[in-house]
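Descriptive structure summary
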Amino acid sequence: MESPLQAWRDTLGELGVMGLIREPRAQAPPEAQATPEAQTRPAAAPTPANPPPARPQAARALPAAATPAAYTPPADPVGCPPPEVIAGATSLADLQKAIQGCLACPLGPGRLKFVFGEGHPKAQLMFVGEGPGRDEDLQGRPFVGKAGELLDKMIGALGLKREDTYIANVVKCRPPDNRTPSPTEARACMGYLHRQIELIQPAVIVTLGATPLRELVGVVEGITRVRGQWKRVQVGGREIPVMPTFHPAYVLRQYTQEVRRAVWEDLRAAKAWIDRPDQG
Ligand code: SF4
């Protein structure tokens, strides 16, 4: 019978990161992380003496190709809950109940299922992706397709279970043809994600791909340039460290050892932040 250690080694081997495991490197100073050279380095584990750097003030630009179609939200207050209802939700279940009929943006009418997010209600590690795909739209759960399987394996390789973490997306409804949500759609949905984060209070957020990094954190630089570099986001009066990394779907498309190693290093850095001695 396969031992737990062997199963873990098998998972790492399947991910292509076996043999890449080594002691965390010393955290580069924030100044060094901002250099072009540093942008290509794998993420280093943060330490209490060397926390993630403050987020630079990146300009928020709207992608040219993201002009949303004209859409008039219905007046139904259940479909479009007012901000005080969202703020008044004191649990994730209450929040989901309040917003699951939302039609506040053009994505609402096209969904099969509302994909609220799932996981531990007080997870220390929270993942934020872009939006539901076909499988997620069918099942009403985030990251359940091939990309989700890969994410689950990586979470397992960190020594965690999927249900130890919380997984959500920028938008709760599937964009047609899996296109990137427009800034207008992302903004319409952002209050829900913010309230989820306020309720969960994660120690660290890992953004998966460029969209959550842009829409949640306000960083518009390319993900290949900024992945592995600590950012921060202010939500509900709390400043939360953010580790940007590639979306698992990108990893599946670019299944190179370099890409897999990059994601693995980013996830390890996030885990190291959670495991630091002064956490908790
Ligand atoms: S994507 Fe968000 S804002 Fe748009 S209809 Fe769905 S829940 Fe509402």
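Since the structure is predicted, the reported quantities are computational estimates derived from the model, not experimental observations.

Counted by the stated rule, this structure contains 11 salt bridges. One salt bridge connects Arg 141 with Glu 118, and the closest N-O pair in it is separated by 2.8 Å. Linking Arg 141 in the loop between helix H5 (134–139) and helix H6 (146–157) with Glu 118 in strand E1 (residues 118–119), this pair joins segments that are 23 residues apart in sequence. When the shortest N-O distance is used, the salt bridge between Glu 198 and Arg 195 registers 2.6 Å.

What follows concerns the confidence of the model for the protein. Per-residue confidence for the protein gives a mean pLDDT of 81, with 71% of residues at or over 70. The low-confidence segment residues 19–51, where pLDDT is below 50, has 65 contacts with residues more than four positions distant or belonging to other chains. Across residues 53–69 the pLDDT falls below 50, and counting only partners more than four positions away or on other chains, this stretch makes 32 contacts in the model.

Turning our attention to the packing of helix H4 (residues 92–99) against helix H7 (residues 183–200). Running from N to C, H4 and H7 point in directions that differ by 165°, and their axes come no closer than 10 Å. The angle between H4 and H7 places the two elements in the roughly antiparallel class. Of the two possible hands of crossing, H4 and H7 adopt the one that is right-handed. Touching Leu 92, Leu 95 and Ile 99 of H4 are Tyr 192, Arg 195, Gln 196, Leu 199 and Ile 200, all from H7.

Along strand E2 (residues 125–129), 5 of the 5 residues are buried, which leaves the element largely enclosed by surrounding structure. Alternating residues of E2 divide into Leu 125, Phe 127 and Gly 129 and Met 126 and Val 128, and every residue in both groups is buried. Of the pairings in the sheet, the one linking E2 to strand E4 (residues 204–208) comprises 4 bridges and is parallel in character. If you follow Leu 125 over to E4, its bridge partner there is Val 204. Pairing analysis gives 4 bridges linking E2 to strand E3 (residues 166–169), with the strands arranged parallel. Looking at E3, one finds that Gly 129 is bridged to Asn 169.

This part takes up the layout of surface pockets. Size it by volume and the largest pocket reaches roughly 660 Å³. Looking at the largest pocket, it is lined by 27 residues, and the ones nearest its centre are Glu 130, Gly 131, His 247, Ala 249 and Arg 253. At the level of secondary structure, the elements contributing two or more residues to the lining of the largest pocket comprise H5, H6, helix H8 (210–217) and helix H10 (248–253). Grouping the constituent residues of the lining of the largest pocket by class yields 10 nonpolar, 9 polar and 8 charged.

Here is what the cut-offs are and how they apply
- Residues numbered from 1 in each chain as written.
- Predicted model: local features only at pLDDT ≥ 70, side-chain atom pairs only at ≥ 80, totals over all residues.
- Heavy atoms only, no water.
- Salt bridge = Lys/Arg side-chain N within 4 Å of Asp/Glu carboxyl O.
- Helix = DSSP H or I, 4+ residues; strand = E, 2+ residues; numbered from the N terminus.
- pLDDT = per-residue confidence, 0-100.
- Contact = heavy atoms within 4.5 Å.
- Axes fitted to C-alpha atoms, helices over the stretch in contact; angles between N-to-C directions.
- Parallel < 35°, antiparallel > 145°, perpendicular 65-115°, else oblique.
- Left-handed = near helix turned anticlockwise from the far one by under 90°.
- Buried < 20%, exposed > 50% of the residue type's maximum accessible area, 1.4 Å probe, protein only.
- Pairing = 2+ DSSP bridges.
- 1 Å grid on protein atoms, 1.4 Å probe; cavity = no way out; pocket = protein on both sides within 12 Å on 5 of 7 lines; lining within 4 Å.
- Points joined across faces, edges and corners; volume = space filled by probe spheres on them.
- Nonpolar A, V, L, I, M, F, W, Y, C, P; charged D, E, K, R; others polar.

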